[in-house]
Amino acid sequence: MNGLSFSEICCLFCCPPCPGKIAAKLAFLPPEPTYSLQDLGDGTFGLHLTEKAEWQYGQKELDCIEVFTAKTSKGNQIGCMYVRCSPNARFTVLFSHGNAVDLGQMSSFYVGLGSRINCNIFSYDYSGYGVSQGKPSEKNLYADIDAAWQALRTRYGISPENIIVYGQSIGTVPTVDLASRFECAGIILHSPLTSGMRVAFPETKRTWCFDAFPSIEKVSKIVSPVLVIHGTEDEVIDFSHGLAIYERCPRTVEPLWVEGAGHNDVELYGQYLERLKQFIQHELVTN
């Protein structure tokens, strides 16, 4: 039955794991915070990065980063970061990062990525990550990205047709949830997972009622163009997840399957940036 062993089936029916436990086991590895927000006394904050953030640029690039907090529907204040990479950028990328990093560690990557694809980058830390309050959970993930979306819309006045929603690894979970409810310029799903149970038990063929992160059941509701990116040798989230997500999305563009890439090195391959540029500068512009 579904390729599971008898003992696993018994375990599922007798004591099914709650979504929170699946989530905690699979997804949430918040690092020691690599940044802090300094209250400047005028309602704004300064960004202080620790050595662990491994900042690769200078003061000029640091001055292009704005940080603040936003309150979620769950009552948590979460850290937000807006990276002004290009004054002429048409699109802003709402980026949901992976599971073992925070905004401090991602800041250099955002500066480099945004400048190369001519987009500004807006990102946020999940509850329990960085300076964000609360604890990481599936429900908080959805509340976190909703707060980020609203902050991007209201604080910066950016309309949905100029927002690209990008999720990486666990970040694809809130990205898919948001994209299933709101239309935007485009969606990028980088190393996506179909559901928590399918990661924990690869032979799982259906979505159980107690499953966590059931993205595979939501992607069919996405009406925006979707670019799926996945490494063929991903050791954390098998390549089959990316393929299944791609096949289920109604409006996918040509995917990027990075031959030989694992879970954390897709960005190191030359075709990664080239495919992003093609998607953003040509496919979305002419869409």
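Above this text is the structure in question.
Thresholds applied
Residues numbered from 1 in each chain as written. Predicted model: local features only at pLDDT ≥ 70, side-chain atom pairs only at ≥ 80, totals over all residues. Heavy atoms only, no water. Helix = DSSP H or I, 4+ residues; strand = E, 2+ residues; numbered from the N terminus. Buried < 20%, exposed > 50% of the residue type's maximum accessible area, 1.4 Å probe, protein only. Contact = heavy atoms within 4.5 Å. Salt bridge = Lys/Arg side-chain N within 4 Å of Asp/Glu carboxyl O. Polar contact = N/O pair within 3.5 Å; in protein donor to acceptor, adjacent residues only side chain to side chain. Core = buried A, V, L, I, M, F, W, Y, C linked by side-chain atoms within 4.5 Å. Pairing = 2+ DSSP bridges. Right-handed = clockwise from strand over helix to strand, strands pointing away. Phe/Tyr/Trp six-rings, centres within 6.5 Å; stacked < 30°, edge-to-face > 60°.

Undergrad: It is not clear to me how the environment of cysteine 119 should be interpreted in this structure. Could you clarify?
TA: Here cysteine 119 shows up in the loop between α4 (103-117) and β6 (120-124). Overall, the relative accessible area of 0% leaves cysteine 119 in the buried class. With residues up to four places along the chain from it excluded, the contact list for cysteine 119 reads Cys85, Ala89, Phe91, Val93, Gly114 and Ile280.

Undergrad: Explanation requested: the pattern of salt bridges in the structure shown.
TA: Pairing between side chains becomes possible if they bear opposite charge and their charged atoms approach one another. Evaluated as defined, the whole model comprises six salt bridges. Among the ionic pairs, arginine 275 bridges to glutamate 283, the shortest N-O distance being 2.9 Å. Given a relative accessible area of 10%, arginine 275 falls into the buried group. Its relative accessible area of 23% is what places glutamate 283 among the partly exposed residues.

Undergrad: Would you explain the environment of tyrosine 166 in this entry?
TA: Structurally, the position occupied by tyrosine 166 is in strand β7 (residues 163-168). For the pair tyrosine 166 and isoleucine 188, spaced 22 residues apart in sequence, the C-alpha to C-alpha distance is 4.6 Å. Other than its neighbours up to four places away in sequence, tyrosine 166 contacts Val93, Leu94, Phe95, Ser96, Thr175, Ile188, His190, Tyr272 and Leu276. Polar contacts involving the side chain of tyrosine 166 include one to the side chain of histidine 190, which spans 2.7 Å.

Undergrad: Which parts of the structure should I look at to understand the nonpolar core?
TA: Taken as a class, soluble globular proteins show a tendency for nonpolar side chains to be buried jointly. The biggest cluster of nonpolar side chains holds 42 residues, and the ones touching the most others in it are Leu94, Phe122, Tyr124, Leu141, Leu152, Ile187 and Phe213. Of all elements in the fold, only β3 (65-71), β4 (77-83), β6, α5 (138-155), β7, α6 (172-179), β8 (186-190) and β9 (226-231) reach the threshold of two or more residues within this core. Element by element, the count of residues in this core is highest for α5, at eight residues. One finds Met81, Val258, Val266 and Leu284 within the second-largest nonpolar core, a separate group that totals 36 residues.

Undergrad: It is not clear to me how the pairing of β9 should be interpreted in this structure. Could you clarify?
TA: Side-chain positions along a regular strand alternate between the two faces of the sheet. With respect to burial, β9 is a largely interior element, six of its six residues being buried. On β9, burial covers both faces: Val226, Val228 and His230 on one face and Leu227, Ile229 and Gly231 on the other are all buried. As paired elements, β8 and β9 share four bridges and run parallel to each other. Across the sheet, residue isoleucine 188 finds its bridge partner in β9, namely leucine 227. Traced from β9 through helix α8 (residues 239-248) to strand β10 (residues 256-258), the parallel crossover comes out right-handed.

Undergrad: Help me understand the packing of aromatic side chains in this model?
TA: The way to describe two aromatic rings as a pair is by their centre distance and the angle between their planes. Per the counting criterion, the structure on display carries 16 aromatic pairs. Ring geometry for phenylalanine 68 and phenylalanine 122: centres 6.1 Å apart, planes at 50°, overall tilted. Here phenylalanine 122 lies in strand β6 and phenylalanine 68 lies in strand β3, a separation of 54 residues in the sequence. On the numbers, 5.8 Å between centres and 85° between planes, the contact of tyrosine 246 with tryptophan 257 is edge-to-face.

This is a description of form; function is not addressed.
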